[in-house]
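Below are the chains, spelled out letter by letter.
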Amino acid sequence: MSRVRTVLGDVLPGELGVCDAHDHLFLRSPLLPGQELDDVTAARAELAAFRAAGGTALVQWTPYGMGRRAADLPGLSRATGVRVVCATGLHQAAHYRAELLDGLRGRLAEVFVSELTEGIGSSGVRAGLIKVAGGFHGLDAHARWTMAAAAEAHHATGAPIAVHLELGTGALDVLDLLCGELGVPGHRVILGHLNRSPYTVTHRQAAESGCWLAFDGPSLAHHATDWRMPEAVRALAEAGFGDRVLLGGDTVVAGARSVSGGGPGLPGLLRRVRPRLAASLGTELVDRILTEHPGRAFAVDWE
């Protein structure tokens with residue numbers, strides 16, 4: 001039976017409830033100096049604020065080597081009543097020291113499989129998805145390496161592969177590689193940040209593969225997320241692809257948190273984005289996107 005792998009164990013898809021399908025409680029990167037998400041107290045307060053707004057599940061896309069703090073996630077989940085899914089995977093090369101990447105050569109897929117099936121370090125937490133990343137309008141050698149390892153890990157475990165699209169670009173290149181060359185079924189691929197590149201024709205072409213299309217990042221108000229997302233999602237729904245959409249907040253810097261940074265944070269998805277989308281799409285579809293789609297996207301018949 002398909003189940004979603006949370007930090008407290010596997011659950012049935014319908015047990016997720018209202019789910020933020022792409023966000024971060026913890027994240028560190030040299031590209032974001034001074035804006036690290038590394039405070040357990042702030043993470044707990046933010047997760048509690050999300051719960052108070054009606055949220056009951058969150059998928060953290062923070063991958064290997066970027067400060068996931070996997071060992072802290074079970075306690076936060078228990079304390080707030082929010083189910084949390086943790087990621088394995090690898091981001092763009094710029095987020096890592098060269099020596100860390102060198103140490104993963106020849107064993108990256110093995111690391112992914114181990115974190116999905118055995119656990120992340122000594123935390124006892126098993127990852128529930130693989131997160132990788134493309135580049136701006138293309139795929140460099142690093143992206144191809146990480147995606148090949150992700151595909152290998154998917155074939156060994158069934159885990160879904162979530163993809164950071166740089167500024168929303170390169171969706172079709174990613175699908176050509178993962179689904180075409182590497183044999184990953186379309187419904188096991190989740191494309192992130194499509195809101196940042198509002199080309200509705202590309203959205204429809206990507207949806208035809210059967211993949212999931214994540215519109216995530218309401219904290220990034222300078223992107224097309226806020227002002228064009230409703231019309232982009234409506235266009236997908238009118239084309240018959242409303243059942244392929246996911247929503248997330250993608251809070252990546254401390255200043256975007258609601259409890260300590262003055263931003264929309266985790267609750268912003270439900271307090272601001274949800275009603276705006278409902279006005280455009282109707283509450284029934286938006287409710288399905290938040291409550292039914294994440295369970296389908298992240299559930300796996302775990303090997």
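Notes on the structure follow. Remember, it's a predicted structure, so these values are computed and weren't measured experimentally.

1. What to know about the nonpolar core
Ranked by internal contacts, the top residues of the largest apolar core, which has 78 residues, are L25, I130, M147, V163, L191 and F215. Per-element accounting of this core gives the leading share, 7 residues, to helix α5 (residues 141-157). Once residues within four sequence positions are removed from consideration, I130 is found in contact with T88, G89, F112, L116, A150, A153, H154, A159, P160, I161 and A162. Residues V59, W61, W212 and A297 belong to the second largest nonpolar core, which totals 19 residues.

2. Re the sheet that holds strand β7 (residues 129-133)
Pairing in this open sheet of 6 strands is parallel, and the strands run β6-β7-β8-β9-β10-β11 from one edge to the other. The sheet is open, and its two edges are formed by β6 (87-89) and β11 (245-248), each paired on a single side. Across the sheet, the axes of successive neighbouring strands diverge by a mean angle of 30 degrees, strand direction being ignored. Across the sheet, helix α6 (residues 171-181) lies against β8 (161-164) and β9 (189-192), angled at about 160 degrees from β9, the strand it touches most.

3. Overview of helix α2 (residues 73-80)
Every α-helical turn comprises 3.6 residues, leaving residues that sit three or four positions apart pointing alike. Along α2, the residues that are buried comprise L73, P74, L76, S77 and T80. Within α2, the buried residues cover an arc of 165 degrees as seen down the axis, which keeps them to one side. In this fold, the buried residues of α2 make contact with α1 (40-52), β4 (57-60) and β5 (83-85). Backbone geometry just downstream of α2 places G81 in the positive-phi region, at approximately 80 degrees.

4. Regarding the pattern of salt bridges
With the rule as written, the count across this model stands at 13 salt bridges. Taking the shortest distance from any N to any O, the salt bridge between D287 and R274 comes out at 2.8 Å. Of this pair, D287 sits in helix α10 (residues 283-291) while R274 sits in helix α9 (residues 268-281); the two residues are 13 residues apart in sequence, bridging distant segments of the chain. Assessed through its relative accessible area of 31%, D287 is described here as partly exposed. If you follow the salt bridges from partner to partner, you end up with R28, D38, R69 and D72 in one network.

Scoring rules and cut-offs
- Residues numbered from 1 in each chain as written.
- Predicted model: local features only at pLDDT ≥ 70, side-chain atom pairs only at ≥ 80, totals over all residues.
- Heavy atoms only, no water.
- Core = buried A, V, L, I, M, F, W, Y, C linked by side-chain atoms within 4.5 Å.
- Buried < 20%, exposed > 50% of the residue type's maximum accessible area, 1.4 Å probe, protein only.
- Helix = DSSP H or I, 4+ residues; strand = E, 2+ residues; numbered from the N terminus.
- Contact = heavy atoms within 4.5 Å.
- Pairing = 2+ DSSP bridges.
- Axes fitted to C-alpha atoms, helices over the stretch in contact; angles between N-to-C directions.
- Arc of directions from axis to C-beta.
- Salt bridge = Lys/Arg side-chain N within 4 Å of Asp/Glu carboxyl O.

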